[in-house]
Amino acid sequence: MLQLPDARRRLLPAIVLSLAALALRVWDFGNPVIHVDEQYYLLVGARIWNGAVPFIDLWDRKPVGLFLLYAIPAMLPGDGIAAYQVMATMAAAATAIVIRLAALRVGASPRGAMVAAIAYLVWLSVLGGRGGQAPVFYNLPVTIALLLTLKLPALAADGRRRSMVASGLAAALLGGIAIQLKYTAAVEGAFVGLAHLWWLRRSGARPGRLALAAMLFLAAGLAPTGIAALSYAAMGPAAFSAFWFANFSSIFLRPPYPADEVAMRLLGIAAQLSPLIACSLLAWRLRPRPTPPVLMLAAGWLVAAVGGFIAIGTFFDHYALPLIAPLTVMSATTFGRRPRAAIGALGLGLLLFLAERAFIPDDAAGAREAARLVRLNARGDCPYVFIGDTITYRLADTCVPTPYAFPNMLAYATEQGAMGIDEAAEVRRILRRRPPVIVTSTRELAIWNRQSLRAVKQALRCDYRRVWTTPRGQWDTVIYLRRDLRFEH
């Protein structure tokens, strides 16, 4: 039997997982409309290079670190779309590699750990992580922090308190980086910090040293966000006020989504995650007695991830992406000890993945053609995407008529009164400038901002004509041209 050298044998799982990530995600490379969120992240990241300041020139609630991350692919040759998707694939593969190591540490067999890592990659795509959603990136630092945390019982047993403090500082900083990609990571970051303090205390650290360690961990965790806040403060009081409102105040002003809609989303997420949930529960039932400390830490991580998921409460499917990593780590022992459970869970995940690929239409060509037509007919002026793909501004290389360019902000009632402006008044201001092109949709919603919708419909009826339509999901994207302009195509 052929024996691989030790170095190659150690690298083989990483190579397999990297190839698995590529195989699952390569189909979307270059697709500009995987998800509305990442379209906007790339738009903001690209405009940063033109001097745009997040929260001032282009508004959102996401941390500035996410937009700086997206500025990297935006600066590369081309439109940056395939580049950010390659970055996301690398992050997904790296996270899967860390998940395998974490699963081994909690007692999974090599086979079970490998299945868990592959399951992570599959469920990313199932729950809306086919592209570059924020958790696809921030799951990596969080999972590395958790891997450090799983070493605490061994460090405590050896009395290696300095190593525990160093581990806590590294884990806290990783958590802080994750927070600058999405603020809900703060719940997992807090768990990692508290776990380090708990094990420091168990190892015999005195109260004074515990207090010092707590302050160091807190400082490391808050450092990335503190740097962002200080950067805005250096721009002046108005800039800092805009930063603070967008990042920390506006979320509490958002009206809730309808309860029945939220409940259906939650049920859908629970159904999609049910194989991993079942395998996690079985792993807990099969655990050794007394429960190993590393398994308690993994379970605590899962609880923290659930807390972050619940914190926002809107339950879009991609909000559940942070749950996949702890669920797969918890499921790994089941995957190793119950081959049928491994085959069944992974088979169901792949079936969900294939079903999604089969039933979600490929709208990439239509989106690119829409952007081409917008560019031709904007004639150097600012078009207005009322409802549609914000990547249109990027692909058409046009100016943006409002800081509130993400369509939901001005078009949905769920944002009404939450951004410190009169949303309908902003829509009317845009329309008074008579944009040459308006992009909208045939989509019907129960959560329209009625005043914004009324203003757009009146403008379209009086001053615009429909010139082009393309399918977009279950509805159509429609381009309207101002009546005094000739349609270029």
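Residues numbered from 1 in each chain as written. Predicted model: local features only at pLDDT ≥ 70, side-chain atom pairs only at ≥ 80, totals over all residues. Heavy atoms only, no water.

(A) Structural context of the environment of Ala46. Within the fold, Ala46 resides in helix H2 (residues 36-48). Along the backbone, Ala46 and Gly80 are 34 residues apart, and their C-alpha atoms lie at a distance of 8.4 Å. Once you skip the residues sitting within four places of it in the chain, Ala46 turns out to touch Ala74 and Arg394. (Helix = DSSP H or I, 4+ residues; strand = E, 2+ residues; numbered from the N terminus. Contact = heavy atoms within 4.5 Å.)

(B) Representation of the pattern of salt bridges within the structure. Taken as a whole, this structure holds 15 salt bridges when the rule is applied. Between Arg130 and Glu356 there is a salt bridge, with the nearest N and O atoms lying 3.9 Å from each other. With a gap of 226 residues between them, Arg130 in the loop between helix H5 (110-126) and helix H6 (134-150) and Glu356 in helix H15 (residues 339-359) connect regions that are remote in the sequence. In this structure Glu356 comes out as buried when scored by relative accessible area, which is 18%. (Salt bridge = Lys/Arg side-chain N within 4 Å of Asp/Glu carboxyl O. Buried < 20%, exposed > 50% of the residue type's maximum accessible area, 1.4 Å probe, protein only.)

(C) The arrangement of a nonpolar patch on the surface in detail. Side chains of Leu11, Leu12, Ile15, Val16, Leu19, Leu22, Val26 and Trp27 sit close together on the surface and give an oily, nonpolar patch of about 740 Å² of accessible area. Within the element layout of this structure, Val26 appears in the loop between helix H1 (6-25) and H2. Classification of Val26 by relative accessible area gives partly exposed; the value is 34%. (Patch = residues over 30% accessible without salt bridge, like charges linked within 9 Å, V, L, I, M, F, W, Y side chains within 5 Å. Areas by Shrake-Rupley, 256 points an atom, 1.4 Å probe, with all protein chains shown as cover.)

(D) Spatial organisation of the state of the cysteines. The tally for this structure, following the rule as stated, stands at 1 disulfide. The disulfide that involves Cys382 links it to Cys399, with 1.9 Å between the sulfurs. Measuring the twist about the S-S bond at about -130°, one finds the Cys382-Cys399 disulfide to be left-handed. Of this pair, Cys382 sits in the loop between helix H16 (364-378) and strand E1 (384-385) while Cys399 is found in the loop between helix H17 (391-396) and helix H18 (407-411), placing the two residues 17 residues apart along the sequence. Since its relative accessible area comes to 17%, Cys382 is described here as buried. (Disulfide = S-S within 2.5 Å.)

(E) Structural view of the side chain of Asp60. Within the fold, Asp60 resides in the loop between H2 and helix H3 (64-74). Here Asp60 is buried and forms no salt bridge, its nearest opposite-charge partner Lys62 lying at an N-O distance of 4.1 Å. Setting aside its immediate chain neighbours within four residues, Asp60 contacts Tyr40, Phe55, Phe67, Ala246 and Met409. (Lys, Arg positive; Asp, Glu negative; His and termini not counted.)

(F) Highlighting the pairing of strand E3 (residues 464-472). With 8 bridges joining them, E3 and strand E4 (residues 475-482) adopt antiparallel strand pairing. Paired with Arg472 across the two strands is Trp475, which belongs to E4. Hairpin connection of E3 to E4: 2 residues between the antiparallel strands, including Gly473 at a positive phi of 65°. (Pairing = 2+ DSSP bridges.)

(G) Representation of helix H20 (residues 450-463) in the model. The end-to-end C-alpha distance of H20, which contains 14 residues, comes to 20 Å, matching closely the 20 Å that a straight helix rising 1.5 Å per residue would cover. For H20, the complete set of buried residues consists of Ser452, Leu453, Ala455, Val456, Ala459 and Leu460. Along the axis of H20, the buried positions cluster into a sector of 160°, meaning they face one direction only. In this structure, H20 carries Arg454 and Arg461 as exposed residues pointing more than 90 degrees from its buried face. Buried residues belonging to H20 abut H18, helix H19 (423-432), strand E2 (437-441), E3 and E4. (Expected span 1.5 Å × (residues − 1). Arc of directions from axis to C-beta.)

(H) Structural view of the packing of helix H13 (residues 293-312) against helix H14 (residues 321-337). At a minimum axis distance of 9 Å, the contact between H13 and H14 shows a crossing angle of 160°. For the element pair H13 / H14, the angle class is roughly antiparallel. Crossing hand, H13 versus H14: left-handed. Counting all contacts with H13, which are made through Leu295, Ala298, Ala299, Trp301, Leu302, Ala305, Val306 and Phe309, the residues of H14 involved are Pro322, Leu323, Ala325, Pro326, Leu327, Val329 and Met330. Considering only residue class, the contact of H13 with H14 consists of 15 nonpolar, no polar and no charged. (Axes fitted to C-alpha atoms, helices over the stretch in contact; angles between N-to-C directions. Parallel < 35°, antiparallel > 145°, perpendicular 65-115°, else oblique. Left-handed = near helix turned anticlockwise from the far one by under 90°. Nonpolar A, V, L, I, M, F, W, Y, C, P; charged D, E, K, R; others polar.)

(I) Fine view of a positive patch on the surface. A cluster of basic side chains, namely Arg161, Arg162, Arg206 and Arg209, defines a positive patch on the protein surface. Relative to the helices and strands, Arg206 resides in the loop between helix H9 (185-202) and helix H10 (207-235). (Charge placed at Lys NZ, Arg CZ, Asp CG, Glu CD.)

(J) Spotlight on the sheet that holds E1. Spatial ordering of the open sheet is given by E1-E2-E4-E3, a layout of 4 strands whose pairing is mixed. At either margin of the open sheet sits one strand with a lone partner, and together these are E1 and E3.

(K) Fine view of the layout of surface pockets. Each pocket or cavity is described by its volume, and for the second largest pocket that value is around 370 Å³. Within the residue set of the lining of the second largest pocket, elements represented by two or more residues are H3, helix H4 (81-105), H6, helix H8 (161-179) and H10. In terms of residue count, H10 provides more of the lining of the second largest pocket than any other element does, 6 residues in total. A breakdown of the residues in the lining of the second largest pocket according to their chemical character gives 19 nonpolar, 3 polar and no charged. (1 Å grid on protein atoms, 1.4 Å probe; cavity = no way out; pocket = protein on both sides within 12 Å on 5 of 7 lines; lining within 4 Å. Points joined across faces, edges and corners; volume = space filled by probe spheres on them.)

(L) Structural view of the packing of aromatic side chains. Taken as a whole and judged by the stated rule, the model has 22 aromatic pairs. Measuring from ring centre to ring centre gives 6.1 Å for Tyr41 and Phe67, while their planes differ by 70°; the resulting arrangement is edge-to-face. With a gap of 26 residues between them, Tyr41 in helix H2 and Phe67 in helix H3 connect regions that are remote in the sequence. Taking 5.3 Å as the distance between ring centres and 50° as the angle between the ring planes, the aromatic pair formed by Tyr183 and Phe248 counts as tilted. Of this pair, Tyr183 sits in the loop between H8 and H9 while Phe248 sits in helix H11 (residues 237-249), and the two are 65 residues apart along the sequence. Put simply, the rings of Tyr41, Phe55, Phe67, Tyr70, Tyr84, Phe137, Tyr183, Tyr232, Phe240, Phe243, Trp244 and Phe248 pair up and form one aromatic cluster. Cation over ring: Arg265 sits above Tyr257, and NZ or CZ is 4.4 Å from the ring centre. Sitting above the plane of the Trp475 ring, Arg443 keeps its charged end 4.3 Å from the centroid. (Phe/Tyr/Trp six-rings, centres within 6.5 Å; stacked < 30°, edge-to-face > 60°. Lys NZ or Arg CZ within 6 Å of the ring centre and 35° of its normal.)

Geometric values such as these leave the question of function open.
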